[in-house]
Amino acid sequence: MEQQQRHPLLEVRGNKAPSRLPLPGGRLKRGPDQMENALEPEKKRIRGLGAVTKIVTSHPRAPPLTTVPQTQGQIAAQKVPKKTGPRCSTATTTVSKSKKPVAAVPAQKPDISAVPPTVGGKKPSKRPAWDLKGQLGDLNVELKRYRERTQTLDQENQQLRAQLKEAQQQATALGEERRTLKEELAEVQAQAEQGQQELGNLSARVLELEERLGTQEGLVQELQKEQLALQEERRELAARLEEQERRLQASEVALSSSQAEVASLRQKTAAQGTLLAERGERLHGLEMERRRLHNQLQELKGNIRVFCRVRPVLSGEPTPPPGLLLFPAGPGGPSDPPTRLSLSRSDERRGTLNGAPAPTTRHDFSFDRVFPPGSGQEEVFEEIAMLVQSALDGYPVCIFAYGQTGSGKTFTMEGGPGGDPQVEGLIPRALRHLFSVAQELGGQGWTYRFVASYVEIYNETVRDLLAIGARKGQGSECKIRRAGPGSEELTVTNARYVPVSCEKEVEALLHLARQNRAVACTAQNERSSRSHSVFQLQITGEHTGRSLQCGAPLNLVDLAGSERLDSGLALGAEERERLRETQAINSSLSTLGLVIMALSNKESHVPYRNSKLTYLLQNSLGGSAKMLMFVNISPLEENVSESLNSLRFASKVNQCVIGTAQANRK
């Protein structure tokens, strides 16, 4: 009911919630002040029933409410609402234009018949006291009139109450609408403030965007310039691309021809690879055949060979008499290398009583090769070079230098002082030859490793000639032991084993060994070697492609001087020490001869342990070993006895024959 009486509302849409404002007559808009004035009658209270009730509308053309005239009865009844309810007063209510105006109560005309007549315009005179009937009639008339008036006032009162209630409802609705409008107004104001803030932000953003726009315009100009440059570069690149494409086409043509050529070369390479493999197999077979034939040749020459070398007469020494040493020509004539030697000796014990010279006894010896005094170091090494190479093939090789003191053993093995290449000994020449051959075999897939050691045996005591530093002064004795349980290889404890790969390293080792070797002055030589020196080179070869391995030692031994005990005999403690040295030397040399004889006779027991020398060299003396002995003699007449003893010992060794050698291969 209340909603039907309300004016239509105009929806005002904002950023958040819609606002509804009354639009009277569809033309005029009412502001907040007018709304406040429209609600002002709600504050007024009706003072009484006789008060004039005004219903004011916002519409200027609405008809005003009719004022009900007051009568004496109404005046009398004005005091009634004060008793019936609190604040029962009529308020002047402002109704919006959309409300219909309250219908005015029509004014009733006074009842003329009920009013006493007047005379001359004056009220009728009061009935006399005795006219009770007349007074009663007047009272009845007046009572009736008052009842009618009361009934009329009750109706008016009910109408006013209805109007008041309706006005109050309208006031309540308007109050609610006022509060809603205030909230909407506050929301609109907040939205307006937010809009202002956003407007400010947008203005700042616009300024920023304008600045960025200016920057972007500058960048655009630069990019346009760069684009022009890139377009120019693109044209250049396009031209270069065309040129490259032409070159590429030419290259493709050349590539096609090259591919055809490569295919042809691959076929040739495959054929050559096959041929190379076949030749490799053939080369390997030839190498194995070479080793076999080389070993067979060495065996034909003898697994025990003896060379005799006569040193030249040194300056300051007497010239030997003619015919003392003769070198008969070989079986093929003077062109063949000499293999025989004749030593002439006069036997003083067979001299005549008349003082005639004693007869001369001639001793003839035959060896595998004899080197006269004029033979050089190079000629001597050429004769043993093939034997040295057998060590690379896996055969143990042992070369001795035997003879009396001063016969040239050390010169033969190590060479002369000063580093002159013409007088280099067998040790440096043999290692140079091994390094060269090993490098050649490297082209066939072989790799070799060389480890050198150098010891001396002095008075049956083994000493390391390569000791350096603190070990050099200790003089601790080295022991000969097997390399491991069940191993046949022998090693020297406390001795240095030095890997070598070039000649300079070998020269340094030889120089160090010369300084450490025990030498002494004897009656036979001013500086005589009083110990056996043993240079050992352990060679290990491997062919990884064929899973072949070989290993063998090369022993180059410079034996001590082999003079008789009484040759340098002298009195004193030092001389007696020299005699003990000579006894130890001759004992070890005798043991060496016994070992060679036992091997030649194939005896069950070979006395290797009777001497440190033979015990150390036992793996290089028998079985698969190859042995060569140089017997060095002096050309002087005074040394004929010692030379004859050396030649006889060497001749016995030369008569020995050891079984066929077998290479140490895995």
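Residues numbered from 1 in each chain as written. Predicted model: local features only at pLDDT ≥ 70, side-chain atom pairs only at ≥ 80, totals over all residues. Heavy atoms only, no water.

So what about the packing of aromatic side chains? Which residues, and what values?
Applying the stated criterion to the full structure yields nine aromatic pairs. Ring centres 6.1 Å apart and planes at 20° place the aromatic pair tryptophan 446 and tyrosine 448 in the stacked group. Residue classification places tryptophan 446 among the buried residues on the basis of a relative accessible area of 4%. The structure contains a cluster of three or more aromatic residues connected by ring pairs, namely Phe435, Trp446, Tyr448 and Phe450. Arginine 145 extends its terminal NZ or CZ atom over the ring of tyrosine 146, reaching a point 5.4 Å from the ring centre. Seen from the ring of tyrosine 395, lysine 626 lies directly overhead, with NZ or CZ sitting 5.0 Å from the centre. (Phe/Tyr/Trp six-rings, centres within 6.5 Å; stacked < 30°, edge-to-face > 60°. Buried < 20%, exposed > 50% of the residue type's maximum accessible area, 1.4 Å probe, protein only. Lys NZ or Arg CZ within 6 Å of the ring centre and 35° of its normal.)

I'd like to hear about the pairing of strand β10 (residues 397–403), residue by residue, with values.
Look at any regular strand and the pattern is simple: side chains alternate between the two faces of the sheet. Of all the seven residues making up β10, seven are buried; the element is thus mostly covered by neighbouring parts of the structure. Two elements, β10 and strand β20 (residues 626–633), share seven bridges in a ladder whose sense is parallel. Bridging across to β20, glycine 403 finds its partner in asparagine 632. Where β10 and strand β19 (residues 548–558) come together, five bridges link them in parallel fashion. Note that in β19 the partner of cysteine 398 across the bridge is asparagine 555. (Helix = DSSP H or I, 4+ residues; strand = E, 2+ residues; numbered from the N terminus. Pairing = 2+ DSSP bridges.)

So, unusual backbone geometry: which residues are in play, and what are the values?
Unlike most non-glycine residues, asparagine 494 shows phi in positive territory, near 65°. In this structure, asparagine 494 sits in the loop between β14 (490–492) and β15 (498–500). Taking relative accessible area as the criterion, asparagine 494 reaches 47% and is therefore assigned partly exposed.

An account of the nonpolar core is requested, with residue identities and associated values reported.
Ranked by internal contacts, the top residues of the largest apolar core, which has 51 residues, are Leu341, Phe400, Leu621, Met629 and Leu647. The element best represented in this core is helix α11 (residues 573–600), accounting for seven residues. Discounting chain neighbours no more than four positions away, the residues touching leucine 647 are Cys308, Leu341, Leu343, Phe365, Phe367, Val631 and Ile633. (Core = buried A, V, L, I, M, F, W, Y, C linked by side-chain atoms within 4.5 Å. Contact = heavy atoms within 4.5 Å.)

If you had to explain the packing of helix α6 (residues 377–389) against helix α8 (residues 426–442) to someone new, which residues and values would you point to?
At their nearest, the axes of α6 and α8 sit 10 Å apart, and the two run at 50° to each other. Considering the angle they form, α6 stands oblique to α8. For the pair α6 and α8, the sense of crossing is right-handed. Counting all contacts with α6, which are made through Gln377, Glu378, Val380, Phe381, Ile384, Ala385, Val388 and Gln389, the residues of α8 involved are Leu426, Arg429, Ala430, His433, Leu434 and Val437. For the contact of α6 with α8, a count of residues per class yields nine nonpolar, three polar and two charged. (Axes fitted to C-alpha atoms, helices over the stretch in contact; angles between N-to-C directions. Parallel < 35°, antiparallel > 145°, perpendicular 65-115°, else oblique. Left-handed = near helix turned anticlockwise from the far one by under 90°. Nonpolar A, V, L, I, M, F, W, Y, C, P; charged D, E, K, R; others polar.)

Tell me about the side chain of serine 407, residues and numbers included.
The topology assignment puts serine 407 in the loop between β10 and α7 (409–414). One polar contact links the side chain of serine 407 to the main-chain carbonyl oxygen of glutamine 404, over a distance of 2.7 Å. Among the polar contacts made by the side chain of serine 407, one reaches the main-chain carbonyl oxygen of asparagine 632 at a distance of 3.2 Å. Filtering out sequence-adjacent residues up to four positions away, serine 407 remains in contact with Arg311, Asn632, Ile633 and Ser634. (Polar contact = N/O pair within 3.5 Å; in protein donor to acceptor, adjacent residues only side chain to side chain.)

Please give an account of the pairing of strand β5 (residues 304–310) that cites residues and values.
Along β5, seven of the seven residues are buried, which leaves the element largely enclosed by surrounding structure. Residues Ile304, Val306, Cys308 and Val310 line one face of β5 and the alternating positions Arg305, Phe307 and Arg309 line the opposite face, and both faces are buried. Sheet analysis places β5 next to β20, joined by seven bridges and oriented parallel. Counterpart to phenylalanine 307 in the pairing with β20 is phenylalanine 630.

Kindly report on the pattern of salt bridges, identifying the contributing residues and their values.
What the rule picks out here adds up to 15 salt bridges. Between arginine 369 and glutamate 383 there is a salt bridge, with its nearest N and O atoms 2.9 Å apart. Of the two residues, arginine 369 sits in strand β9 (residues 369–371) while glutamate 383 sits in helix α6, which places them 14 residues apart along the sequence. Judged by its relative accessible area of 24%, glutamate 383 is partly exposed. Measuring nitrogen to oxygen at the nearest pair gives 2.4 Å for the salt bridge that ties arginine 429 to glutamate 378. Taken as a pair, arginine 429 in helix α8 and glutamate 378 in helix α6 lie far apart in primary sequence, 51 residues in all. Since its relative accessible area comes to 6%, arginine 429 is described here as buried. Because the salt bridges share partners, they merge into one network encompassing Arg127, Asp131 and Asp138. (Salt bridge = Lys/Arg side-chain N within 4 Å of Asp/Glu carboxyl O.)

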